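Next come the chains, spelled out residue by residue.
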Amino acid sequence: MVHATARRAQNEELLAYKSLEDEVLTRRIQAVRDALGPQLLILGHHYQRDEVIALSDLRGDSYKLSEMAAASTECRAIAFCGVHFMAETADILANRPERLAERGGQRVPVILPDMSAGCSMADMAEVDEVEDCWEQLSGVIDTRDLMPVTYVNSAASLKAFCGRRGGIVCTSANARPVLEWSFAQRRRVLFFPDQHLGRNTALRMGVPAEQMPVWDPRADELGGNPREAIASSRVILWKGHCSVHQVFLPEHVEGFRQRLPEIRILVHPECMREVVDMADQIGSTGTIIRAVRESPPGTKWAIGTELHLVNRLKREHPEQEIHFLAPLVCMCATMFRIDLAHLCWSLEKLAAGTPVNVVRVGDEIAADALVALRRMLEVK
Ligand code: 13P
Ligand code: SF4
(Lines give C-alpha, C1' and ligand atoms only; values in the text may rest on other atoms or scores of the structure.)
(Ligands and ions follow the chains in the order given, each with its own letter.)
Protein backbone atom coordinates (compact mmCIF):
# COMPACT_ATOMS: atom_id res chain seq x y z
CA MET A 1 0.00 0.00 0.00
CA VAL A 2 1.35 3.38 -0.94
CA HIS A 3 0.91 5.97 1.80
CA ALA A 4 -1.12 9.11 0.91
CA THR A 5 1.93 11.38 1.28
CA ALA A 6 4.03 9.11 -0.90
CA ARG A 7 1.18 9.00 -3.44
CA ARG A 8 1.09 12.81 -3.56
CA ALA A 9 4.86 12.93 -4.09
CA GLN A 10 4.54 10.35 -6.90
CA ASN A 11 1.79 12.37 -8.54
CA GLU A 12 3.99 15.44 -8.50
CA GLU A 13 6.86 13.51 -10.05
CA LEU A 14 4.52 12.20 -12.72
CA LEU A 15 3.30 15.67 -13.57
CA ALA A 16 6.86 16.59 -14.43
CA TYR A 17 7.11 13.57 -16.76
CA LYS A 18 3.76 14.41 -18.34
CA SER A 19 5.07 17.81 -19.37
CA LEU A 20 7.83 16.19 -21.46
CA GLU A 21 7.58 15.69 -25.22
CA ASP A 22 7.09 12.11 -26.47
CA GLU A 23 10.46 12.33 -28.21
CA VAL A 24 12.24 13.10 -24.94
CA LEU A 25 10.38 10.35 -23.07
CA THR A 26 11.18 7.83 -25.80
CA ARG A 27 14.87 8.74 -25.65
CA ARG A 28 14.96 8.40 -21.88
CA ILE A 29 13.11 5.05 -21.94
CA GLN A 30 15.57 3.84 -24.56
CA ALA A 31 18.47 4.95 -22.33
CA VAL A 32 17.14 2.76 -19.48
CA ARG A 33 16.69 -0.16 -21.89
CA ASP A 34 20.29 0.27 -23.11
CA ALA A 35 21.62 0.49 -19.56
CA LEU A 36 19.74 -2.56 -18.24
CA GLY A 37 20.04 -4.64 -21.42
CA PRO A 38 18.57 -8.15 -21.17
CA GLN A 39 17.99 -7.69 -17.44
CA LEU A 40 14.89 -5.67 -18.30
CA LEU A 41 11.97 -7.22 -20.17
CA ILE A 42 9.21 -4.91 -21.39
CA LEU A 43 6.05 -6.84 -22.28
CA GLY A 44 3.26 -5.16 -24.25
CA HIS A 45 -0.31 -6.35 -24.80
CA HIS A 46 -1.73 -5.84 -28.30
CA TYR A 47 -4.20 -3.21 -27.00
CA GLN A 48 -1.42 -0.84 -25.96
CA ARG A 49 -0.76 2.47 -27.70
CA ASP A 50 1.61 2.33 -30.67
CA GLU A 51 4.33 4.35 -28.96
CA VAL A 52 4.34 1.87 -26.04
CA ILE A 53 4.26 -1.16 -28.35
CA ALA A 54 7.26 0.29 -30.21
CA LEU A 55 9.28 0.19 -26.98
CA SER A 56 8.17 -3.32 -25.91
CA ASP A 57 10.66 -6.18 -26.22
CA LEU A 58 7.85 -8.65 -26.79
CA ARG A 59 4.20 -8.21 -27.58
CA GLY A 60 1.38 -10.70 -27.40
CA ASP A 61 -2.10 -11.67 -26.36
CA SER A 62 -2.77 -12.68 -22.76
CA TYR A 63 -1.77 -16.29 -23.40
CA LYS A 64 1.47 -15.47 -25.18
CA LEU A 65 2.41 -12.93 -22.51
CA SER A 66 1.89 -15.52 -19.75
CA GLU A 67 4.11 -17.94 -21.66
CA MET A 68 6.76 -15.25 -22.08
CA ALA A 69 6.73 -14.40 -18.38
CA ALA A 70 6.97 -18.12 -17.57
CA ALA A 71 9.87 -18.64 -19.99
CA SER A 72 11.96 -15.59 -19.06
CA THR A 73 15.26 -16.66 -17.54
CA GLU A 74 17.65 -13.79 -18.17
CA CYS A 75 15.58 -10.84 -17.05
CA ARG A 76 15.74 -9.40 -13.54
CA ALA A 77 12.76 -7.05 -13.89
CA ILE A 78 9.60 -7.01 -15.99
CA ALA A 79 7.74 -3.85 -16.98
CA PHE A 80 4.24 -4.97 -17.90
CA CYS A 81 2.44 -2.72 -20.36
CA GLY A 82 -1.02 -4.14 -19.96
CA VAL A 83 -3.49 -4.35 -17.10
CA HIS A 84 -3.28 -5.42 -13.46
CA PHE A 85 -4.35 -9.07 -13.77
CA MET A 86 -1.69 -9.58 -16.46
CA ALA A 87 1.02 -8.18 -14.19
CA GLU A 88 -0.18 -10.43 -11.36
CA THR A 89 0.02 -13.46 -13.64
CA ALA A 90 3.53 -12.46 -14.71
CA ASP A 91 4.57 -12.06 -11.05
CA ILE A 92 3.28 -15.55 -10.18
CA LEU A 93 4.94 -17.21 -13.17
CA ALA A 94 8.23 -15.32 -13.18
CA ASN A 95 8.67 -15.90 -9.44
CA ARG A 96 7.51 -19.51 -9.22
CA PRO A 97 9.57 -21.68 -6.85
CA GLU A 98 11.89 -23.25 -9.45
CA ARG A 99 12.74 -19.87 -10.98
CA LEU A 100 13.35 -18.34 -7.56
CA ALA A 101 15.66 -21.25 -6.70
CA GLU A 102 17.64 -20.74 -9.94
CA ARG A 103 18.14 -17.09 -8.98
CA GLY A 104 19.14 -17.88 -5.40
CA GLY A 105 15.86 -16.50 -4.07
CA GLN A 106 16.06 -13.20 -5.97
CA ARG A 107 12.60 -12.02 -7.09
CA VAL A 108 11.91 -10.46 -10.46
CA PRO A 109 9.84 -7.37 -9.72
CA VAL A 110 6.91 -6.94 -12.09
CA ILE A 111 6.11 -3.28 -12.64
CA LEU A 112 2.78 -1.96 -13.85
CA PRO A 113 3.60 1.58 -14.99
CA ASP A 114 0.20 2.88 -13.84
CA MET A 115 -1.43 1.00 -10.96
CA SER A 116 -4.87 2.24 -11.98
CA ALA A 117 -4.70 0.15 -15.16
CA GLY A 118 -7.27 -2.43 -14.08
CA CYS A 119 -9.90 -4.40 -16.01
CA SER A 120 -13.57 -3.67 -15.42
CA MET A 121 -14.48 -7.25 -16.35
CA ALA A 122 -12.02 -8.71 -13.83
CA ASP A 123 -13.64 -6.49 -11.18
CA MET A 124 -17.04 -8.09 -11.87
CA ALA A 125 -16.14 -11.22 -9.89
CA GLU A 126 -14.91 -10.89 -6.31
CA VAL A 127 -13.57 -13.95 -4.53
CA ASP A 128 -16.19 -13.66 -1.75
CA GLU A 129 -18.96 -13.69 -4.34
CA VAL A 130 -17.53 -16.73 -6.09
CA GLU A 131 -17.12 -18.54 -2.75
CA ASP A 132 -20.73 -17.73 -1.91
CA CYS A 133 -21.83 -18.98 -5.35
CA TRP A 134 -19.93 -22.26 -4.79
CA GLU A 135 -21.55 -22.66 -1.39
CA GLN A 136 -25.03 -22.05 -2.77
CA LEU A 137 -24.42 -24.43 -5.68
CA SER A 138 -23.38 -27.16 -3.25
CA GLY A 139 -26.96 -27.12 -1.96
CA VAL A 140 -28.24 -28.13 -5.40
CA ILE A 141 -25.50 -30.03 -7.22
CA ASP A 142 -22.47 -32.09 -6.28
CA THR A 143 -19.61 -29.59 -6.47
CA ARG A 144 -17.10 -32.47 -6.67
CA ASP A 145 -18.41 -32.79 -10.21
CA LEU A 146 -18.12 -29.05 -10.95
CA MET A 147 -14.95 -27.61 -12.51
CA PRO A 148 -14.17 -23.97 -11.68
CA VAL A 149 -12.65 -22.22 -14.69
CA THR A 150 -11.52 -18.64 -14.46
CA TYR A 151 -10.74 -16.49 -17.45
CA VAL A 152 -7.25 -15.06 -16.97
CA ASN A 153 -8.98 -11.64 -16.79
CA SER A 154 -9.54 -12.10 -13.06
CA ALA A 155 -7.81 -11.36 -9.77
CA ALA A 156 -5.10 -13.77 -8.55
CA SER A 157 -7.39 -14.74 -5.65
CA LEU A 158 -9.83 -16.26 -8.16
CA LYS A 159 -7.07 -18.21 -9.84
CA ALA A 160 -6.15 -19.46 -6.37
CA PHE A 161 -9.80 -20.43 -5.77
CA CYS A 162 -9.58 -22.60 -8.90
CA GLY A 163 -6.18 -23.99 -8.00
CA ARG A 164 -7.51 -25.21 -4.65
CA ARG A 165 -10.49 -26.98 -6.23
CA GLY A 166 -8.83 -28.87 -9.08
CA GLY A 167 -9.73 -25.97 -11.41
CA ILE A 168 -7.94 -24.13 -14.14
CA VAL A 169 -7.35 -20.78 -15.87
CA CYS A 170 -8.07 -20.08 -19.53
CA THR A 171 -7.42 -17.23 -21.93
CA SER A 172 -9.37 -16.34 -25.03
CA ALA A 173 -6.75 -18.28 -27.03
CA ASN A 174 -7.26 -21.64 -25.30
CA ALA A 175 -10.79 -21.55 -23.86
CA ARG A 176 -11.91 -24.52 -25.94
CA PRO A 177 -9.09 -26.95 -25.02
CA VAL A 178 -9.46 -25.84 -21.41
CA LEU A 179 -13.20 -26.62 -21.45
CA GLU A 180 -12.47 -29.96 -23.14
CA TRP A 181 -9.94 -30.72 -20.40
CA SER A 182 -12.56 -29.76 -17.81
CA PHE A 183 -15.31 -31.93 -19.28
CA ALA A 184 -12.94 -34.88 -19.49
CA GLN A 185 -12.84 -34.78 -15.70
CA ARG A 186 -16.10 -33.33 -14.48
CA ARG A 187 -19.71 -33.08 -15.58
CA ARG A 188 -20.16 -29.35 -15.18
CA VAL A 189 -18.21 -26.10 -15.34
CA LEU A 190 -18.52 -22.86 -13.40
CA PHE A 191 -17.06 -20.24 -15.74
CA PHE A 192 -16.17 -16.70 -14.59
CA PRO A 193 -16.05 -13.75 -15.00
CA ASP A 194 -16.88 -13.41 -18.73
CA GLN A 195 -20.22 -14.94 -19.66
CA HIS A 196 -19.60 -14.32 -23.38
CA LEU A 197 -16.32 -16.19 -23.69
CA GLY A 198 -17.82 -19.08 -21.72
CA ARG A 199 -21.03 -19.19 -23.74
CA ASN A 200 -19.44 -18.68 -27.17
CA THR A 201 -16.89 -21.42 -26.51
CA ALA A 202 -19.31 -23.96 -25.01
CA LEU A 203 -21.89 -23.42 -27.79
CA ARG A 204 -19.24 -24.36 -30.34
CA MET A 205 -18.60 -27.54 -28.37
CA GLY A 206 -22.27 -28.50 -28.63
CA VAL A 207 -23.46 -27.44 -25.17
CA PRO A 208 -27.04 -26.14 -25.63
CA ALA A 209 -27.77 -22.57 -24.47
CA GLU A 210 -30.57 -23.91 -22.19
CA GLN A 211 -27.92 -25.74 -20.16
CA MET A 212 -25.98 -22.54 -19.50
CA PRO A 213 -27.72 -20.52 -16.80
CA VAL A 214 -26.26 -17.12 -15.96
CA TRP A 215 -25.29 -16.55 -12.35
CA ASP A 216 -25.99 -13.00 -11.19
CA PRO A 217 -23.99 -12.37 -8.01
CA ARG A 218 -26.41 -9.58 -7.06
CA ALA A 219 -29.47 -11.82 -7.08
CA ASP A 220 -30.87 -12.99 -3.74
CA GLU A 221 -30.75 -16.70 -4.37
CA LEU A 222 -29.05 -19.12 -6.73
CA GLY A 223 -27.81 -16.26 -8.88
CA GLY A 224 -31.41 -15.56 -9.91
CA ASN A 225 -31.99 -19.10 -11.26
CA PRO A 226 -34.61 -21.73 -10.45
CA ARG A 227 -33.17 -24.89 -8.87
CA GLU A 228 -33.99 -26.95 -11.98
CA ALA A 229 -31.87 -24.66 -14.17
CA ILE A 230 -28.87 -25.30 -11.92
CA ALA A 231 -29.64 -29.01 -11.61
CA SER A 232 -29.73 -29.46 -15.40
CA SER A 233 -26.80 -27.12 -16.14
CA ARG A 234 -23.58 -28.04 -17.93
CA VAL A 235 -21.91 -24.61 -17.81
CA ILE A 236 -22.83 -22.01 -15.21
CA LEU A 237 -21.85 -18.61 -16.58
CA TRP A 238 -20.92 -15.69 -14.36
CA LYS A 239 -22.72 -12.46 -15.20
CA GLY A 240 -19.67 -10.50 -16.30
CA HIS A 241 -18.72 -8.83 -19.56
CA CYS A 242 -16.20 -6.55 -21.22
CA SER A 243 -17.53 -3.05 -21.68
CA VAL A 244 -15.32 -2.58 -24.73
CA HIS A 245 -16.53 -5.65 -26.62
CA GLN A 246 -20.19 -5.24 -25.73
CA VAL A 247 -20.48 -2.23 -28.05
CA PHE A 248 -20.33 -4.48 -31.12
CA LEU A 249 -23.89 -5.27 -32.22
CA PRO A 250 -25.59 -7.51 -34.83
CA GLU A 251 -26.75 -4.41 -36.75
CA HIS A 252 -23.10 -3.42 -37.24
CA VAL A 253 -22.46 -6.79 -38.89
CA GLU A 254 -25.62 -6.45 -41.00
CA GLY A 255 -24.63 -2.92 -42.08
CA PHE A 256 -21.23 -4.11 -43.31
CA ARG A 257 -22.68 -7.15 -45.07
CA GLN A 258 -25.11 -4.90 -46.96
CA ARG A 259 -22.50 -2.32 -47.95
CA LEU A 260 -19.66 -4.75 -48.70
CA PRO A 261 -20.99 -8.28 -49.42
CA GLU A 262 -17.43 -9.71 -49.60
CA ILE A 263 -16.54 -8.42 -46.09
CA ARG A 264 -15.11 -10.86 -43.57
CA ILE A 265 -16.27 -10.31 -40.01
CA LEU A 266 -13.53 -11.08 -37.48
CA VAL A 267 -14.35 -10.74 -33.78
CA HIS A 268 -12.99 -11.42 -30.31
CA PRO A 269 -14.94 -14.06 -28.32
CA GLU A 270 -15.71 -11.47 -25.61
CA CYS A 271 -18.35 -10.10 -28.02
CA MET A 272 -21.97 -11.10 -27.41
CA ARG A 273 -23.27 -14.37 -28.85
CA GLU A 274 -25.44 -12.69 -31.51
CA VAL A 275 -22.37 -11.00 -33.00
CA VAL A 276 -20.08 -14.02 -32.71
CA ASP A 277 -22.70 -16.25 -34.37
CA MET A 278 -22.72 -13.92 -37.39
CA ALA A 279 -18.93 -13.69 -37.68
CA ASP A 280 -16.71 -15.45 -40.22
CA GLN A 281 -13.85 -15.86 -37.78
CA ILE A 282 -13.48 -15.63 -34.00
CA GLY A 283 -10.31 -15.43 -32.00
CA SER A 284 -8.05 -13.91 -29.39
CA THR A 285 -6.08 -10.81 -30.31
CA GLY A 286 -3.20 -13.03 -31.41
CA THR A 287 -5.52 -15.05 -33.66
CA ILE A 288 -7.01 -11.85 -35.13
CA ILE A 289 -3.53 -10.61 -36.05
CA ARG A 290 -2.60 -13.95 -37.62
CA ALA A 291 -5.84 -14.09 -39.62
CA VAL A 292 -5.11 -10.70 -41.20
CA ARG A 293 -1.42 -11.45 -41.75
CA GLU A 294 -2.20 -14.72 -43.53
CA SER A 295 -4.87 -13.32 -45.87
CA PRO A 296 -4.30 -12.28 -49.48
CA PRO A 297 -4.06 -8.60 -50.45
CA GLY A 298 -7.43 -7.02 -51.07
CA THR A 299 -9.20 -8.93 -48.29
CA LYS A 300 -11.88 -6.78 -46.64
CA TRP A 301 -12.32 -7.04 -42.90
CA ALA A 302 -14.61 -5.58 -40.26
CA ILE A 303 -12.93 -6.31 -36.95
CA GLY A 304 -14.62 -6.34 -33.55
CA THR A 305 -11.98 -5.77 -30.94
CA GLU A 306 -10.17 -2.88 -29.24
CA LEU A 307 -9.54 0.18 -31.37
CA HIS A 308 -5.76 0.46 -30.97
CA LEU A 309 -5.21 -3.02 -32.32
CA VAL A 310 -7.57 -2.47 -35.26
CA ASN A 311 -5.90 0.84 -36.14
CA ARG A 312 -2.46 -0.79 -35.94
CA LEU A 313 -3.59 -3.60 -38.25
CA LYS A 314 -4.85 -0.96 -40.69
CA ARG A 315 -1.45 0.71 -40.72
CA GLU A 316 0.54 -2.53 -40.92
CA HIS A 317 -1.62 -3.97 -43.70
CA PRO A 318 -2.32 -1.23 -46.25
CA GLU A 319 -2.73 -4.01 -48.84
CA GLN A 320 -5.99 -5.02 -47.12
CA GLU A 321 -9.15 -3.05 -46.39
CA ILE A 322 -9.71 -3.01 -42.66
CA HIS A 323 -12.68 -1.46 -40.87
CA PHE A 324 -13.56 -1.12 -37.22
CA LEU A 325 -16.81 -3.05 -36.71
CA ALA A 326 -18.62 -0.40 -34.61
CA PRO A 327 -19.42 3.13 -35.75
CA LEU A 328 -18.33 4.46 -32.34
CA VAL A 329 -14.86 4.84 -30.94
CA CYS A 330 -14.42 2.19 -28.30
CA MET A 331 -11.12 1.63 -26.65
CA CYS A 332 -10.01 0.06 -23.42
CA ALA A 333 -9.62 3.08 -21.14
CA THR A 334 -7.53 1.18 -18.62
CA MET A 335 -5.07 -0.21 -21.17
CA PHE A 336 -4.78 3.39 -22.40
CA ARG A 337 -3.55 4.53 -18.99
CA ILE A 338 -0.12 3.14 -19.77
CA ASP A 339 1.58 6.00 -21.57
CA LEU A 340 5.16 7.05 -22.20
CA ALA A 341 5.19 9.29 -19.12
CA HIS A 342 4.26 6.42 -16.76
CA LEU A 343 6.60 4.02 -18.52
CA CYS A 344 9.53 6.44 -18.39
CA TRP A 345 8.89 7.35 -14.74
CA SER A 346 8.60 3.73 -13.60
CA LEU A 347 11.67 2.61 -15.58
CA GLU A 348 13.85 5.45 -14.30
CA LYS A 349 12.73 4.63 -10.74
CA LEU A 350 13.67 1.01 -11.35
CA ALA A 351 17.06 1.95 -12.79
CA ALA A 352 17.69 4.20 -9.77
CA GLY A 353 17.09 1.24 -7.44
CA THR A 354 13.82 2.65 -6.06
CA PRO A 355 11.19 0.67 -7.99
CA VAL A 356 7.58 1.85 -7.90
CA ASN A 357 4.30 0.13 -8.79
CA VAL A 358 5.59 -3.37 -8.12
CA VAL A 359 2.73 -5.87 -8.42
CA ARG A 360 3.33 -8.53 -5.81
CA VAL A 361 0.86 -11.36 -5.22
CA GLY A 362 0.91 -12.73 -1.65
CA ASP A 363 2.74 -16.07 -1.27
CA GLU A 364 -0.26 -18.20 -0.36
CA ILE A 365 -2.47 -16.91 -3.15
CA ALA A 366 0.43 -17.10 -5.62
CA ALA A 367 1.08 -20.76 -4.76
CA ASP A 368 -2.55 -21.79 -5.28
CA ALA A 369 -2.99 -19.62 -8.38
CA LEU A 370 0.17 -21.16 -9.84
CA VAL A 371 -1.44 -24.61 -9.65
CA ALA A 372 -4.31 -23.41 -11.88
CA LEU A 373 -1.96 -21.54 -14.22
CA ARG A 374 0.33 -24.54 -14.63
CA ARG A 375 -2.69 -26.67 -15.55
CA MET A 376 -3.54 -24.11 -18.22
CA LEU A 377 0.00 -24.00 -19.63
CA GLU A 378 0.01 -27.83 -19.84
CA VAL A 379 -3.27 -28.00 -21.81
CA LYS A 380 -2.53 -28.03 -25.53
P1 13P B 1 -6.54 -11.60 -25.38
O2 13P B 1 -6.75 -12.89 -24.63
O3 13P B 1 -6.92 -11.72 -26.80
O4 13P B 1 -5.19 -11.06 -25.13
O5 13P B 1 -7.58 -10.56 -24.81
C6 13P B 1 -7.41 -10.00 -23.57
C7 13P B 1 -8.40 -9.01 -23.29
O8 13P B 1 -8.40 -8.39 -22.28
C9 13P B 1 -9.43 -8.83 -24.28
O10 13P B 1 -10.31 -7.89 -23.83
FE1 SF4 C 1 -10.67 -5.83 -19.53
FE2 SF4 C 1 -12.19 -5.44 -21.68
FE3 SF4 C 1 -10.05 -3.91 -21.28
FE4 SF4 C 1 -9.78 -6.49 -21.97
S5 SF4 C 1 -10.64 -4.84 -23.21
S6 SF4 C 1 -8.63 -5.42 -20.38
S7 SF4 C 1 -11.53 -7.37 -20.86
S8 SF4 C 1 -11.89 -4.01 -19.98
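Our subject is the structure that appears above.
Numbering of residues begins from 1 in every chain and follows the order in which that chain's sequence is written. Key to labels: chains lettered from A, ligands numbered from 1, both in the order written. Residues qualify for local features only when their pLDDT is at least 70, as the model is predicted, and side-chain atom pairs are given and counted only at 80 or more; totals for whole chains, interfaces and linings, by contrast, use all residues. Each side-chain value is worked out from all heavy atoms of the structure, with water and hydrogens disregarded.

## Side note on the sheet that holds strand E12 (residues 300-304)
- By this definition, two strands are paired if DSSP reports at least two bridges between them. Helix and strand labels come from DSSP, where a helix needs a run of H or I of at least four residues and a strand needs a run of E of at least two; each type is numbered from the N terminus. On the basis of which strands lie adjacent, the open sheet formed by 4 strands has the order E11-E10-E12-E13 and parallel pairing. For this open sheet the edge positions go to strand E11 (281-282) and strand E13 (321-324), each flanked by a neighbour on one side alone.
- For strand E10 (residues 264-267) and E12, the ladder comprises 4 bridges, and the chain directions are parallel. Of the residues in E12, the one forming a bridge with Ile265 is Ala302.
- Its contacts with the sheet place helix H15 (residues 307-316) against E12 and E13, and it is angled at close to 165° to E13. Any pair of residues with heavy atoms lying within 4.5 Å of one another is described as a contacting pair. Helix axes are fitted to C-alpha atoms over the stretch in contact, other axes to C-alpha atoms as well, and angles between N-to-C directions run from 0 to 180 degrees.

## Focus on unusual backbone geometry
- The residue after Phe192, namely Pro193, is reached through a cis peptide bond having omega -10°.
- Among the structural elements, Pro193 can be located in the loop between strand E7 (188-192) and helix H10 (195-204).
- Residues other than glycine seldom take positive phi values, yet Leu222 does so here, at roughly 45°.
- Relative to the elements of secondary structure, Leu222 occurs in the loop between strand E8 (214-215) and helix H11 (227-231).

## Brief notes about the side chain of Ser154
- When you line up the elements, Ser154 lands in the loop between strand E5 (146-151) and helix H8 (156-164).
- On the basis of relative accessibility, which here comes to 0%, the residue Ser154 falls in the buried class.
- If near-sequence neighbours (up to four positions away) are discounted, Ser154 is found in contact with Phe85, Glu88, Ala122, Lys159 and Pro193. Classification of residues uses two cut-offs on accessible area relative to the type maximum, computed with a 1.4 Å probe and protein chains only: under 20% is buried, over 50% is exposed, and between them is partly exposed.

## Here we look at the sheet that holds strand E4 (residues 110-111)
- Spatially, 4 strands are ordered E2-E1-E3-E4 in an open sheet, and the strand pairing comes out parallel. Two strands in the sheet have a free side with no partner beyond their single neighbour: strand E2 (58-60) and E4.
- The pairing of strand E1 (residues 40-45) with strand E3 (residues 77-81) spans 5 bridges and is parallel. Counted as the bridge partner of Leu40 is Ala77 from E3.

## Some remarks on the site of ligand 2
- Being near a molecule or strand, for a residue, comes down to having at least one heavy atom within 4 Å of it. Lining the immediate surroundings of ligand 2 are Tyr47, Cys119, Ser120, Met121, Asn153, Cys242, Val244, Glu270 and Cys332.
- A class-by-class count of the residues in the shell around ligand 2 yields 6 nonpolar, 2 polar and 1 charged. In the scheme used here, Gly and all other residues not listed as nonpolar or charged are polar, with Ala, Val, Leu, Ile, Met, Phe, Trp, Tyr, Cys and Pro taken as nonpolar and Asp, Glu, Lys and Arg as charged.

## Focus on the site of ligand 1
- All residues adjacent to ligand 1 are His45, Tyr47, Asp61, Ser62, Asn153, Ser172, His245, His268, Glu270, Ser284 and Thr285.
- Interatomic distance of 3.1 Å between a side-chain N/O atom of Asn153 and an oxygen atom of ligand 1.
- Starting from 300 Å² of accessible surface for ligand 1 in isolation, the protein chains cover 95%.
- Looking at side-chain class alone, the shell around ligand 1 contains 1 nonpolar, 8 polar and 2 charged residues. Two N or O atoms count as a polar contact when they lie within 3.5 Å, although within protein this holds only if one can serve as hydrogen donor and the other as acceptor, and sequence-adjacent residues are included solely when both atoms are side-chain atoms. Under the convention used here, a 1.4 Å probe and the Shrake-Rupley method define accessible areas, while residue burial counts only the protein chains that appear.

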